[in-house]
Amino acid sequence: MQRWWFLEEKDGSANSAASSSSTVKKPKPPKQPSDRRYKFRVLVTYGLLKDETIAVTGSCDALGNWESEHCVQMQPEEGETNVWSLELDLPQDVAVQYRYLICSVDPSSENVHVRRFETHTTPRSVPAEASKAEQDSKLDTLGDIDGAVKLDKGWLTSETIVQFKFFDNPFAVKERIKNRLLFVKVEAELSSSEDVLMGFRVLPDNPDESS
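Not measured: the values here are computed from a predicted model.

Undergrad: How should the packing of aromatic side chains be read in this particular structure?
TA: The relative placement of two aromatic rings is captured by the distance of their centres and the angle of their planes. Considering all chains together, one arrives at three aromatic pairs under this definition. Their ring planes at 70 degrees and their centres at 4.9 Å tell us that Phe40 and Tyr98 sit as a pair that is edge-to-face. Highlighted residues: Phe40 in strand E1 (residues 36–43) and Tyr98 in strand E6 (residues 96–105), separated in sequence by 58 residues. Each member of the pair, Phe40 as well as Tyr98, is classed as buried. Summarising the aromatic geometry, the rings of Tyr98 and Tyr100 are spaced 5.5 Å apart at their centres and angled 80 degrees between planes, so their arrangement reads as edge-to-face. As far as burial versus exposure is concerned, Tyr98 and Tyr100 are alike and both buried. Members of the aromatic cluster, joined through ring pairs, are Tyr38, Phe40, Tyr98 and Tyr100.

Undergrad: Looking at this structure, how should I read the environment of Tyr98?
TA: Accessibility expressed as a relative area gives 0% for Tyr98, which makes it buried. In contact with Tyr98, other than residues within four places in its own chain, are Phe40, Val56, Thr57, Gly58, Leu63, Trp66, Pro123, Arg124, Ser125, Val126, Lys138 and Asp140. At 3.3 Å, the side chain of Tyr98 forms a polar contact with the side chain of Lys138. Among the polar contacts listed, one links the side chain of Tyr98 to the side chain of Asp140, at a separation of 2.9 Å.

So, how was this worked out
Residues numbered from 1 in each chain as written. Predicted model: local features only at pLDDT ≥ 70, side-chain atom pairs only at ≥ 80, totals over all residues. Heavy atoms only, no water. Phe/Tyr/Trp six-rings, centres within 6.5 Å; stacked < 30°, edge-to-face > 60°. Helix = DSSP H or I, 4+ residues; strand = E, 2+ residues; numbered from the N terminus. Buried < 20%, exposed > 50% of the residue type's maximum accessible area, 1.4 Å probe, protein only. Contact = heavy atoms within 4.5 Å. Polar contact = N/O pair within 3.5 Å; in protein donor to acceptor, adjacent residues only side chain to side chain.

Read these as geometric descriptors, not functional statements.
Structure (structure tokens):
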């Protein structure tokens, strides 16, 4: 009987190739870049109310990803009443954009009320590589970027505003108080009718159904 030597040689070469490939070390996955410590400092030239504070929001998780409810509050520096600062970790080797805002936090619900917000077309930016010397010497000014001042009124995040307008001069005011500031108290009028809510008529979904 003829022996098939080439089959044995082929099997042997396959086994040797498998053993050699098993000894080859796989390359290690690259390490994720670690965070870097950064200090935000801002000069506040606006008068703040008792319940107002300075906060910062931006384009990374540490700064809340532009969500006002997740903005990070800052604190006045020791011995300084107008300079606020905050130190936290930012992503390494990534430019981070950010804006400052004036807000108040409801102690009962912890809702953030935005009072003022920087509205420049291009937000502020932390370079991907910022040296420690650059951080220590940098002092932003609230609302001012390169001489352009844009600090607009905030917006509602969890509330509703009802605006009342009066037409055709509904108030008869005496001559001696015409140029004075007047305060008018407006109350909602409740009705037993089901289609009236807080003094406002609720229209049906189909206008044809209204009488």
